[in-house]
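Below, each chain spelled out in residue letters.
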Amino acid sequence: MTGKPLLTLVLTASLSLLPAVAYAQGNGSSGPADQHEKHLQQFKKWSDDHFTVVWRNENKVPTFVSGTLSKQKMASLSDVRNYLRDHQELFKLNPHSDLNLEKHYRDKLGMTHYRFVQSVNGIPVEGADFTVNTDKHQRVSAVTGAVQPNIADHMEGDLSANLSKQEALQKAWNQIGLSPDETRTIGGTPHDTSQQANLVVYPHNGKGYLAYHVQLRFLYPEPGNWQIYVDANDGSVIHSYNAIMESGPSVGYGYDIFGNKRTLHTYHYNNRYYLADTSKPMRGWIETFTANNGESLPGYNVSDGNNAFTSQWQRAAVSAQYNVGKVYDYYKYNFGRNSYNDNGAVLNSTVHYGSNYNNAFWNGSQMVYGDGDGQTFLPLAGSLEVTAHELTHAVTQSTANLEYYGQSGALNESFSDTFAYFVHPNNFLMGEDVYTPGRSGDAIRSMSNPSEFGQPETMSDYVNTSRDNGGVHTNSGIPNKAAYLTIKDIGRWRAQQIYYRALTVYMGPHSQFSDARAALLQAAADYYGYGKEYRAVQDAWNAVGVR
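Quick caveat, the model's predicted, so the values are computed rather than measured.

Chemist: Break down the overall build of the protein for me, with residues and values.
Modeler: Looking only at helices and strands, the protein has 13 helices and 27 strands in total. Buried residues in the protein amount to 57% of all 547 residues. Of the roughly 22300 Å² of accessible surface on the protein, a fraction of 43% belongs to carbon and sulfur atoms.

Okay, here's the thing in structure tokens:
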């Protein structure tokens, strides 16, 4: 591993079919472009200048429209369907594509959100999410995300797969040069490997492909969360990348890696006390294991005979158990979120992973921490910021599901850094407590001064690269700087409300920097109107060159 360490899943949701939005040809003299502009001008007039529109694909598709977007109430799903029918030209809704309702819900501000995904002949279009948001008066206040217009007319091949799911899986394994058996055993020790393939319509370079979205997850010979798109007609690999995101009753106590005494909720069974916290309102619990410097997960339970976890070997486990609990509490007490999936998912951690392993990561189901080599890193379980960063990746996976590539991936990284600060607001440095222990003032990244650690701070310095999944760890400096400027202007508490709402309500898999700006502005308006907070977000993103 060279350079800065890359502290770093993909969630598919079940869909219930909503009848396709009807496509009606206008009978008047106005063409689609005229109607399109007419609607925008009407929205702007209604919005008293608090109107935002973000475009993609050379101004052809709006990905974020907010303001006063209707005068009539949207009291039901039927009303929303009619609204989309009336504005199909503006939002580029196509007669050959269906909108499938993923979910709709009313939030604590009294706003209702209708989230759809696009499909062609019943096959979901990858990343094509689309949400209609209504305010507490049931009027449309924002439409976010984007469909793929005319995707059905730009298909390469037909919509009948020639390849079986098993054949697609084999093509994917061939692509990364491994076999399932090679990832399952190390010297006879079994390891968890998961593989799945789902049929999707995959937009790529202006065309649509019937493809299998293959996901391969494993830990050996190195952590993998591969996202591979295999053409379902000819078996070729259209695109692939590794989305591993690097960077779980009685009461006892222990010492963390810095010697701090920590009170711990433990579990007493058969004369042993286990690092298992059942005190949270979860369906599962928080539990810590040890890999004993191996690579088998989750490993072995960490337990003690007298409920005092005080040995040197136990310090990493104490740190992990304590820090995961702190992150859980942050999301629960600030946003009412019950674990990363908001449904009480178990939070497991494994410490002492590998030998001198200089990293930590979320593998899709649990946290994993290396001990570091003592020079580049101390045991990474000791950093609350690292834990908060990784578990925020899990929250993102369960909400916006930002693709871990390009600008979407940089936003994924940036939101994890930003919430790491919200959880542990001692300074704007990331991981400085466990990084290069012999060097003071050093860190993995800085939100206040990204350029100090080799990251761009404005769009004028944006790095176009094919490395690091399109520069996700490099270009995250730009939204990080915007977050820092926002926090300094309005404070941590208000900023975190805005950022959480933007991530969980208004952002989607392919959100770009401009979409994030618009989402944050809309979240600020939802909470605080168009005053200081709104202007702070606006000024911050203007300062980094994102409009």
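Chemist: Run through the sheet that holds strand β15 (residues 250-255), naming residues and quoting values.
Modeler: In a beta sheet, neighbouring strands pair by backbone hydrogen bonds and run either parallel or antiparallel. Within the open sheet, the five strands sit side by side as β21-β17-β16-β15-β22. Their pairing is mixed. The sheet is open, and its two borders are formed by β21 (303-304) and β22 (308-309), each paired with just one other strand. Pairing of strand β16 (residues 261-269) with strand β17 (residues 272-274), which is carried by three bridges, proceeds in the antiparallel orientation. Within β17, the position partnered with H268 by the bridge is Y273. Along the sheet, helix α6 (residues 315-335) makes contact with β15, β16 and β22, crossing β16 at roughly 90°.

Chemist: Quick one: what's the story with the environment of L163, residue by residue and with numbers?
Modeler: Along the polypeptide, L163 turns up in the loop between β7 (155-156) and α4 (165-176). Classification of L163 by relative accessible area gives buried; the value is 13%. Separated by 48 residues in the primary sequence, L163 and A211 place their C-alpha atoms 9.3 Å from one another. Residues in contact with L163, not counting those within four places in the same chain, are A168, K171, Y212, V230, D231, A232 and G235.

Chemist: Give a detailed account of the pattern of salt bridges, specifying residues and quantitative values.
Modeler: Any two side chains of opposite charge can pair, given that their charged atoms come close. One pass over the full model with this rule turns up 13 salt bridges. Linking E102 and R115 is a salt bridge whose minimum nitrogen-to-oxygen distance equals 3.7 Å. Remark: R115 occurs in strand β4 (residues 112-120) and E102 occurs in strand β3 (residues 98-106); sequence separation between them is 13 residues. Its salt-bridge partner being R439, residue D442 comes within 2.9 Å of it at the nearest N-O pair. Residue classification places D442 among the buried positions, given a relative accessible area of 10%. Because the salt bridges share partners, they merge into one network encompassing E102, R115 and D129.

Chemist: I'd like a description of the environment of W285, backed by residues and values.
Modeler: Along the chain, the position of W285 falls in the loop between β18 (276-277) and β19 (286-290). Looking at W285, the relative accessible area reads 27%, which means it is partly exposed. Spatially, the C-alpha atom of W285 lies 8.0 Å from that of N348, the residues being 63 residues apart in sequence. Setting aside residues up to four positions removed in sequence, W285 forms contacts with Y267, A276, D277, T278, V346 and L347.

Chemist: How would you explain the packing of aromatic side chains if you had to name every residue and give the values?
Modeler: The final tally for this structure, using the stated rule, is 28 aromatic pairs. Ring centres 6.4 Å apart and planes at 75° place the aromatic pair F335 and F419 in the edge-to-face group. In this pair, F335 sits in helix α6 while F419 sits in helix α8 (residues 406-423), placing the two residues 84 residues apart along the sequence. Pair check on accessibility: F335 and F419 agree, each one buried. Judged by centre distance (5.2 Å) and plane angle (80°), the rings of Y353 and Y357 are edge-to-face. Judged by its relative accessible area of 2%, Y353 is buried. What links up through ring pairs into an aromatic cluster is the set Y330, Y331, F335, F415, F419, Y421, F422, F428, Y484, Y499 and Y500.

So, how was this worked out
Residues numbered from 1 in each chain as written. Predicted model: local features only at pLDDT ≥ 70, side-chain atom pairs only at ≥ 80, totals over all residues. Heavy atoms only, no water. Helix = DSSP H or I, 4+ residues; strand = E, 2+ residues; numbered from the N terminus. Buried < 20%, exposed > 50% of the residue type's maximum accessible area, 1.4 Å probe, protein only. Areas by Shrake-Rupley, 256 points an atom, 1.4 Å probe, with all protein chains shown as cover. Pairing = 2+ DSSP bridges. Contact = heavy atoms within 4.5 Å. Axes fitted to C-alpha atoms, helices over the stretch in contact; angles between N-to-C directions. Salt bridge = Lys/Arg side-chain N within 4 Å of Asp/Glu carboxyl O. Phe/Tyr/Trp six-rings, centres within 6.5 Å; stacked < 30°, edge-to-face > 60°.

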